[in-house]
Amino acid sequence: MILSNLEEVPGRQIVEFYGVVSGSTVRAKHIGRDFMAGLKNLVGGELKGYTELLHEAREEALARMTQQAQSVGANAVVNVRFSTSSVAQGAAELFAYGTAVRVE
Amino acid sequence: MVDLIVLLVLLLVTYGTGRWFEQRHFESIRQREAQLLPLLTSTLSTIPSSAPVERSEMVCGSVVVSLDYFKRFIAGLRGIIGGRIKPYEPLLDRARREAMLRMRERARAEGFDMVVNVRLETSRLASAAADGKRTAGVEILAFGTAVKLAAAG
């Protein structure tokens, strides 16, 4: 599965379009991580716990998107976009979407 | 009275530590940016080369940052008067550069030559405390399509 945020897969020809595919996940913060982040908030700088948390969540959303693309017979997803939104206190939705295509 | 002393001590300590961490981080960013200079990045969706493409893949880099206690205090005061909030500027600057660097480092580790169509996104993480009105941190995400060109000849 090739992912690309361009409107094409560089160097490959798109032969078929399958429409929009998407994947999302809603995550809440871990209480331990929240505590550590609270401490880190005093010092400032990177909050590693949150960076990891969001990275994992984004990977999960991407995995769900590629799974959906695979199920319709695509071998690439082009023009991939991300969006993040706070849906509730301390919880965030990570959403990834793109267009499933087949490249030769 | 005790509260005031605690506040002053916190402000004094975090003023020092925040500054120190920030300077160290900027130093590391400058070094890594110099190392990554040959890896081309662009926000265009076209590949600035006529050579055929061997492979491509999407790469991401992200970072969550927050202000230190001292700077948040100053920013809070600034919020009353209005105007430019200086403490946030270096914070967002280094977060963006760090996210870009992580994306580029990932591209280089996998042997790509360039990253095209780079996009940057910023989102605020609401804190579970205080009904989500406080900010737990700010996430910067950088992503783009890494491209490896076929070797000439």
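Treat the numbers as computed from the prediction; the structure is a model and nothing was measured.

Novice: So what about the environment of Val64(B)? Which residues, and what values?
Specialist: Residues and elements named next belong to chain B. Secondary-structure assignment places Val-64 in strand 2 (residues 53-66). In this structure Val-64 comes out as buried when scored by relative accessible area, which is 0%. C-alpha separation for the pair Val-64 and Arg-96, spaced 32 residues apart in sequence, amounts to 10.0 Å.

Novice: Would you mind going over the interface of chain A and chain B in detail, with residue names and values included?
Specialist: The interface is formed by 31 residues belonging to chain A together with 44 residues belonging to chain B. In this assembly, chain A packs against chain B so that about 2,900 Å² is buried in total across both faces, 54% of it on carbon and sulfur atoms. Interface area lost by chain A to chain B is led by Asn5(A), Leu42(A) and Phe82(A), which between them contribute 19%. Across the chain A-chain B interface, the total number found is two salt bridges. One salt bridge in this structure joins Glu139(B) and Arg58(A), with 3.0 Å as the shortest N-O distance. Across the chain A-chain B interface, the total number found is nine residue pairs in polar contact (both at pLDDT 80 or more). Secondary structure elements with two or more residues in the side of chain A that touches chain B: strand 1 (2-3), helix 1 (31-43), strand 3 (45-46), helix 2 (48-71) and strand 4 (76-88) of chain A. In terms of residues, the side of chain A that touches chain B owes the most to one element, helix 2 of chain A, which gives six residues.

Novice: An account of the confidence of the model for chain A is requested, with residue identities and associated values reported.
Specialist: Of the residues in chain A, 89% reach a pLDDT of 70 or more, and the chain-wide mean stands at 87. Averaged over each element, pLDDT in chain A is lowest for helix 1 of chain A (68) and highest for strand 1 of chain A (94).

Novice: For helix 1 (residues 2-35) of chain B, give the residues involved together with the corresponding values.
Specialist: In this model helix 1 of chain B runs 49 Å from its N-terminal to its C-terminal C-alpha over 34 residues, within 8% of the 50 Å that 1.5 Å per residue would give. Of all the positions in helix 1 of chain B, only Leu11(B), Thr14(B), Gly18(B), Glu22(B), His25(B), Phe26(B), Ile29(B) and Arg32(B) are classed as buried.

Novice: Mind laying out the sheet that holds strand 1 of chain A, listing which residues take part and the relevant values?
Specialist: Residue and element names in this part refer to chain A. Pairing within the open sheet is mixed, and its four strands lie in the order 1-4-5-2. Of all the strands in the sheet, just strand 1 and strand 2 (14-28) have a single pairing partner and so form its edges. With two bridges connecting them, strand 1 and strand 4 associate as parallel partners. Bridge pairing in strand 4 links Ile-2 to Ala-76.

Novice: If you had to explain the packing of aromatic side chains to someone new, which residues and values would you point to?
Specialist: Under the defined criterion, the tally for this structure stands at four aromatic pairs over all chains. Relative to Phe70(B), the ring of Tyr15(B) lies with its centre 4.7 Å away and its plane at 70 degrees, an arrangement referred to as edge-to-face. Residue Tyr15(B) is located in helix 1, and its partner Phe70(B) is located in helix 2 (residues 69-81); the two are separated by 55 residues in the primary sequence. Taking the ring centre of Phe82(A) as reference, the NZ or CZ of Arg58(A) above it sits at 5.5 Å. A cation over an aromatic ring shows up here: Arg55(B) above the ring of Phe112(B), its NZ or CZ 4.4 Å from the ring centre.

Novice: Mind laying out the confidence of the model for chain B, listing which residues take part and the relevant values?
Specialist: Here chain B shows a mean pLDDT of 88. Residues at 70 or above account for 93%. With pTM at 0.88, the complex prediction returns an ipTM value of 0.86.

Novice: Tell me what's going on with helix 2 of chain B, and back it up with residues and numbers.
Specialist: Residue and element names in this part refer to chain B. Taking 1.5 Å of rise per residue, 13 residues should cover 18 Å, and helix 2 covers 19 Å from first to last C-alpha, within 8% of that figure. A distance of 3.1 Å separates the backbone nitrogen of Phe-70 from a side-chain oxygen at the start of helix 2, and that oxygen is part of Asp-68. Positive backbone phi, at 90 degrees, marks Gly-82, one or two positions downstream of helix 2.

Novice: Kindly report on the packing of helix 1 of chain B against helix 3 (residues 88-109) of chain B, identifying the contributing residues and their values.
Specialist: Residue and element names in this part refer to chain B. Across the interface, helix 1 lies against helix 3 with an axial gap of 10 Å and an inter-helix angle of 35 degrees. Regarding helix 1 and helix 3, the two cross each other, and that crossing is left-handed. On the side of helix 1, the interface is formed by Phe-21, Glu-22, His-25, Phe-26, Ile-29, Arg-30, Arg-32, Glu-33 and Gln-35, while helix 3 contributes Pro-90, Asp-93, Arg-94, Arg-97, Glu-98, Leu-101, Glu-105 and Arg-108. Looking at the contact of helix 1 with helix 3 residue by residue, the classes come out as five nonpolar, two polar and ten charged.

Thresholds, definitions, all that
- Residues numbered from 1 in each chain as written.
- Chains lettered and ligands numbered in written order.
- Predicted model: local features only at pLDDT ≥ 70, side-chain atom pairs only at ≥ 80, totals over all residues.
- Heavy atoms only, no water.
- Helix = DSSP H or I, 4+ residues; strand = E, 2+ residues; numbered from the N terminus.
- Buried < 20%, exposed > 50% of the residue type's maximum accessible area, 1.4 Å probe, protein only.
- Contact = heavy atoms within 4.5 Å.
- Buried area = accessible area lost by both parts, 1.4 Å probe.
- Salt bridge = Lys/Arg side-chain N within 4 Å of Asp/Glu carboxyl O.
- Polar contact = N/O pair within 3.5 Å; in protein donor to acceptor, adjacent residues only side chain to side chain.
- pLDDT = per-residue confidence, 0-100.
- Expected span 1.5 Å × (residues − 1).
- Pairing = 2+ DSSP bridges.
- Phe/Tyr/Trp six-rings, centres within 6.5 Å; stacked < 30°, edge-to-face > 60°.
- Lys NZ or Arg CZ within 6 Å of the ring centre and 35° of its normal.
- Axes fitted to C-alpha atoms, helices over the stretch in contact; angles between N-to-C directions.
- Left-handed = near helix turned anticlockwise from the far one by under 90°.
- Nonpolar A, V, L, I, M, F, W, Y, C, P; charged D, E, K, R; others polar.

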